[in-house]
Every structure is written in structure tokens, then in C-alpha cells.
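# Chains, contacts and geometry: an overview
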Amino acid sequence: MQAPKGKHIFGTVKVGEKGQIVIPKKARDIFNIKPGDALLVLGDEAQGLAILKCDSFMDFIHDVLKAQESPEEAP
């Protein structure tokens, strides 16, 4: 059984004594995560954690704010 396009299972990771995890190499490659990159960790107590690259998140926020400044006319 193959995962849907764009969806991935990278396996499991263990949390070390200092609370650190290692992001699997395949995930780092696919999401272009390099040493020194800033990552944003979000949490939902019912659904779990999400890890995003800060650059991608800031691009998204910029687009949202830009859309609010000049909203397109609704049909």
C-alpha cells in the first residue's frame, strides 16, 4: 500500500534526555531542512505537534496579511 502523493511516513524517532529529536534524513531532504534553519513547533493538545520551517510560515502570514489589505471583490 502506497501513501497518497505528497504524504509521507518517515518512521519513528526517540526523544533524548534533553528533549531533542533527530529529523529523519529523508524528511530533511524533502523539506530542504538545513543546519541552522529555524523551525516553528505548534501544538494542539487533541491532535499533537506540527513542525514548520519559519520561512514557509512567514511567507504564508505575509500572503494572508497582503490579502487582507486588498481583498478581492466577492462574486
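Note that the structure is predicted; figures quoted are calculated from it, not measured.

The next thing to look at is the pairing of strand 2 (residues 48-53). Bridge analysis of strand 1 (residues 39-44) against strand 2 gives six bridges, and the strand direction is antiparallel. For Leu-39, the partnering residue across the bridge sits in strand 2 and is Lys-53. Connecting the antiparallel pair strand 1 and strand 2 is a turn made up of three residues.

On to the pattern of salt bridges. Note on pairing: side chains with opposite charge can pair once their charged atoms come close. Considering all chains together, one arrives at two salt bridges under this definition. One salt bridge in this structure joins Asp-29 and Lys-25, with 2.9 Å as the shortest N-O distance. One end of the pair, Asp-29, and the other, Lys-25, are both in helix 1 (residues 25-30), four residues apart, so they sit about a helical turn from each other. With respect to class, Asp-29 is no different from Lys-25; both count as exposed. Its salt-bridge partner being Asp-37, residue Lys-53 comes within 3.5 Å of it at the nearest N-O pair. In this pair, Lys-53 is assigned in strand 2 and Asp-37 in the loop between helix 1 and strand 1, connecting sequence segments 16 residues apart.

Together, Val-13, Val-15, Ile-21, Leu-39, Val-41, Leu-49 and Ile-51 line one region of the surface with nonpolar side chains, adding up to about 640 Å² of accessible area. Listed by contribution, the elements that provide at least two residues to the nonpolar patch are strand 1 and strand 2. Along the chain, Val-41 turns up in strand 1.

What follows covers the packing of aromatic side chains. A full pass over the atoms with the stated rule returns one aromatic pair. Ring geometry for Phe-10 against Phe-31: centres 6.4 Å apart, planes inclined by 75 degrees, an arrangement best described as edge-to-face. Pair noted here: Phe-10 is in the segment before helix 1 and Phe-31 is in the loop between helix 1 and strand 1, with a separation of 21 residues, a long-range link. Residue class for Phe-10 comes out partly exposed when judged on its relative accessible area of 29%.

On to the confidence of the model for the protein. Of all residues in the protein, 93% attain a pLDDT of 70 or more, and the chain-wide mean is 88. For the protein, the element scoring lowest by mean pLDDT is helix 2 (residues 54-69), at 85; helix 1 scores highest, at 95.

Calculation rules
- Residues numbered from 1 in each chain as written.
- Predicted model: local features only at pLDDT ≥ 70, side-chain atom pairs only at ≥ 80, totals over all residues.
- Heavy atoms only, no water.
- Pairing = 2+ DSSP bridges.
- Helix = DSSP H or I, 4+ residues; strand = E, 2+ residues; numbered from the N terminus.
- Salt bridge = Lys/Arg side-chain N within 4 Å of Asp/Glu carboxyl O.
- Buried < 20%, exposed > 50% of the residue type's maximum accessible area, 1.4 Å probe, protein only.
- Patch = residues over 30% accessible without salt bridge, like charges linked within 9 Å, V, L, I, M, F, W, Y side chains within 5 Å.
- Areas by Shrake-Rupley, 256 points an atom, 1.4 Å probe, with all protein chains shown as cover.
- Phe/Tyr/Trp six-rings, centres within 6.5 Å; stacked < 30°, edge-to-face > 60°.
- pLDDT = per-residue confidence, 0-100.

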